[in-house]
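So the chains spell out like this:
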Amino acid sequence: MLLFALRTLTLEEPSLPRIGIFGWGLVAPKSPNLESFARNLDASESWLSAFHGFGPDNFLVGQPELDFEAYHDWVDARFPPNRFPQLVDKMDPTVQLAIAAFIQSLDQNAGLEAELQALGADAHVYFGTGLGCLPTIHHESLELDRAQRRWNAFWAAPERNTARRAHDESPDPAAPAHPETVEPADRPDAQTLWDAYWTERSDGLAEYLEELKAIEGLKVEGDIDSGKMAVMKEKRRQLARLEQKWQHPLPPWRAVSANLLWNIANIPAAQVSMLGQIRGLTFAPVAACSTFGVALKLALDAIRCGDAKAVVVGAADPPPHPLTVGGFYNARVISADAAVSKPLSELRGTHVAGGSVCWIVGDYDYFTAKGFRALGMEPLAVGTSSDADHIITPSQEGPTTAVHRALSAAGLDADAISGWDLHATATPGDFTEVATLKAALPGPMIVTARKGTHGHGMAASGGWELTAQYLGYERGRLFPTPLGQDELNPEIHRLHDRFVFNTACPAPEGPAGKLSMGIGGINACVISRPWER
């Protein structure tokens with residue numbers, strides 16, 4: 001027993017598997033793929049453009065440049081001819097953006113697609129969204145609203161409503177105001193309230209619903225397969241007869257497309273799994289602006305604990321939408337003067353953007369032994385934390401905790417960090433972020449801030465910024481940003497003066513970090529180091 005204990009004490013702790021990136025792809029403003037993204041980074045220009053989502057307006061946004069048709073042949077080579085039209089007709093732009101980034105990510109290493117399939121349950125997919133599939137949700141909400149208004153107007157009409165006819169002869173004091181008695185500007189809302197009130201009291205609707213209930217209550221009898229088809233056929237026949245009898249408009253419950261279900265939060269991940277034939281754990285991490293960093297942490301953890309050999313990590317956001325732009329504006333964090341707002345400068349607000357990013361990360365030894373080449377940099381660790389404070393204003397404690405946890409997990413001291421990429425949204429929070437960074441990492445590292453280039457994709461921009469950092473270190477030069485040296489905010493300059501401005505500069509030696517801070521106070525700090533080639 002003593003001998004066993006002594007042997008146990010002398011055993012070395014097994015080293016954690018190293019992680020490499022073996023595929024990556026993205027869609028960003030002005031950048032339909034990774035190659036154009038890298039070319040555009042070489043210029044110091046902003047990629048933002050006019051929104052015009054409210055008619056003429058003062059908003060600049062980052063519109064993702066996606067030609068989904070470019071992926072038609074790839075899909076046709078693997079699936080029946082109806083698959084690509086289904087992706088076009090049924091999938092939200094958010095999902096299409098995710099698919100595009102994933103397909104691109106298979107191109108950097110020949111045989112990567114087959115390897116992910118061969119791994120079976122040892123290949124996972126963690127593909128998140130920041131905002132979800134807003135275009136589909138918005139469209140179906142409008143369809144429901146239109147159908148509900150028409151439906152209520154039909155059943156509120158006196159000819160199908162005894163209570164309404166009685167009201168016309170002897171007014172019901174509990175009834176809402178007649179639309180014609182209110183101010184013209186208030187009449188649309190008054191009409192909605194009026195029709196809904198009388199629809200609830202329609203004897204015609206009550207009769208219709210009883211007839212509908214009888215039809216929907218038809219049961220399958222006998223053989224299940226043949227009985228099911230017989231019931232469906234009989235329901236269609238009786239429903240057609242019912243519609244002919246009542247001549248009613250489309251019921252609101254039939255106005256909402258099933259596309260709403262095909263575009264819930266996990267569908268970008270699910271489509272990547274289905275198109276890639278990847279059979280391991282698939283789900284959608286959602287952590288606002290920290291989504292990509294959180295997904296990457298989960299991937300590193302899964303590979304290092306032996307639960308996976310490879311993980312497809314990604315994030316996607318819909319193209320800029322009136323709901324998003326309006327929400328950001330009323331949160332007082334968006335610029336609305338038709339000019340580019342650059343981080344670290346005048347702090348006038350951020351710009352909404354859409355797009356996607358996808359990395360395929362895997363066990364370094366496993367993949368390199370099979371001849372695959374690692375890309376960019378080596379992700380060492382991701383530290384995460386929550387502010388547990390304010391929903392949108394970052395704290396100092398939360399991000400600092402994430403930075404310290406990342407450094408500890410990477411086995412690095414603070415003075416080892418040579419470069420850093422900020423979350424920096426061109427709001428007053430930039431000053432707080434730089435102050436927090438300097439308190440945690442007081443060394444002379446060089447710092448980048450890129451949302452003035454591509455805008456703020458809720459989930460994707462963290463992945464874009466990491467990809468830009470990794471490409472820069474791999475090529476030995478940090479890409480420029482739109483910020484001119486004379487535009488640096490004086491208060492921020494007082495804290496730190498080593499930034500990447502509108503000219504490229506050599507990449508420093510040693511590890512680098514990147515911080516993302518999400519709405520809700522979710523923080524993710526990624527520490528990476530260059531590969532030794």
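Residues numbered from 1 in each chain as written. Predicted model: local features only at pLDDT ≥ 70, side-chain atom pairs only at ≥ 80, totals over all residues. Heavy atoms only, no water.

Draft legend 1. Expanded view of helix α16 (residues 397-410). Over its 14 residues, α16 extends 20 Å from the first C-alpha to the last, a length consistent with the 20 Å expected when each residue adds 1.5 Å. Residues Gly398, Pro399, Thr400, Ala402, Val403, Ala406, Leu407 and Ala410 constitute the buried set of α16. In the core, the buried residues of α16 are packed alongside β9 (377-386), β10 (419-421), α17 (429-440), β15 (512-518) and β16 (522-530). Backbone geometry just after α16 places glycine 411 at a positive phi near 70 degrees. (Helix = DSSP H or I, 4+ residues; strand = E, 2+ residues; numbered from the N terminus. Expected span 1.5 Å × (residues − 1). Buried < 20%, exposed > 50% of the residue type's maximum accessible area, 1.4 Å probe, protein only. Contact = heavy atoms within 4.5 Å.)

Draft legend 2. Region of the structure containing the sheet that holds strand β4 (residues 123-129). An order of β1-β8-β6-β4-β5 is seen for the five strands of this open sheet, with the pairing classed as mixed. The sheet is open, and its two borders are formed by β1 (19-27) and β5 (282-283), each paired with just one other strand. Bridge count for strand β6 (residues 310-317) against strand β8 (residues 355-363) is eight bridges, and the pairing is antiparallel. Each bridged residue has a counterpart across the sheet, and for valine 313 the counterpart in β8 is tryptophan 359. (Pairing = 2+ DSSP bridges.)

Draft legend 3. Looking closely at empty space enclosed by the protein. Taken as a whole and judged by the stated rule, the model has two cavities of 30 Å³ or more. Taken as a whole, the largest cavity spans an internal volume of roughly 80 Å³. Sort the elements by how many residues they give to the lining of the largest cavity and helix α19 (residues 461-475) lands first, with four residues. In terms of residue class, the lining of the largest cavity is made up of seven nonpolar, three polar and three charged. In this structure, the second largest cavity is lined by Pro399, Thr400, Val403, Trp420, Leu422, Glu433, Thr436, Leu437, Ala440 and Leu515. (1 Å grid on protein atoms, 1.4 Å probe; cavity = no way out; pocket = protein on both sides within 12 Å on 5 of 7 lines; lining within 4 Å. Points joined across faces, edges and corners; volume = space filled by probe spheres on them. Nonpolar A, V, L, I, M, F, W, Y, C, P; charged D, E, K, R; others polar.)

Draft legend 4. Region of the structure containing the confidence of the model for the protein chain. Of all residues in the protein chain, 97% attain a pLDDT of 70 or more, and the chain-wide mean is 95. Note that pLDDT drops below 50 for residues 1-13; the model gives that stretch zero contacts with residues more than four away or on any other chain. (pLDDT = per-residue confidence, 0-100.)

Draft legend 5. Layout of the sheet that holds β16. Read across the sheet, five strands follow the order β9-β16-β15-β10-β11 without closing on themselves; strand pairing throughout is mixed. Of all strands in the sheet, those with a lone pairing partner are β9 and β11 (446-448), marking the two edges. Neighbouring strand axes in the sheet, compared pairwise and without regard to direction, differ in orientation by 20 degrees on average. Here β15 pairs with β16 via seven bridges, running antiparallel. (Axes fitted to C-alpha atoms, helices over the stretch in contact; angles between N-to-C directions.)

Draft legend 6. A look at the pairing of β8. Across the nine residues of β8, nine count as buried, placing the element largely inside the fold. Strand direction decides the pairing type here: β1 and β8, joined by eight bridges, are antiparallel. Pairing of glycine 20 across the sheet is with glycine 362, part of β8.

Draft legend 7. Layout of the nonpolar core. Phe37, Trp359 and Val361 are the most contacted members of the largest nonpolar core, which has 48 residues in total. Mapped by element, the contributors of at least two residues to this core are β1, α2 (34-41), α13 (291-304), β6, β8, β9, α19 and β16. Per element, the largest residue contribution to this core is eight residues, and it comes from α13. Filtering out sequence-adjacent residues up to four positions away, phenylalanine 37 remains in contact with Leu26, Ala28, Ser31, Trp47, Trp464, Thr467, Ala468 and Leu471. Within the second largest apolar cluster, 41 residues are counted, among which are Ala123, Val125, Ala310 and Trp531. (Core = buried A, V, L, I, M, F, W, Y, C linked by side-chain atoms within 4.5 Å.)

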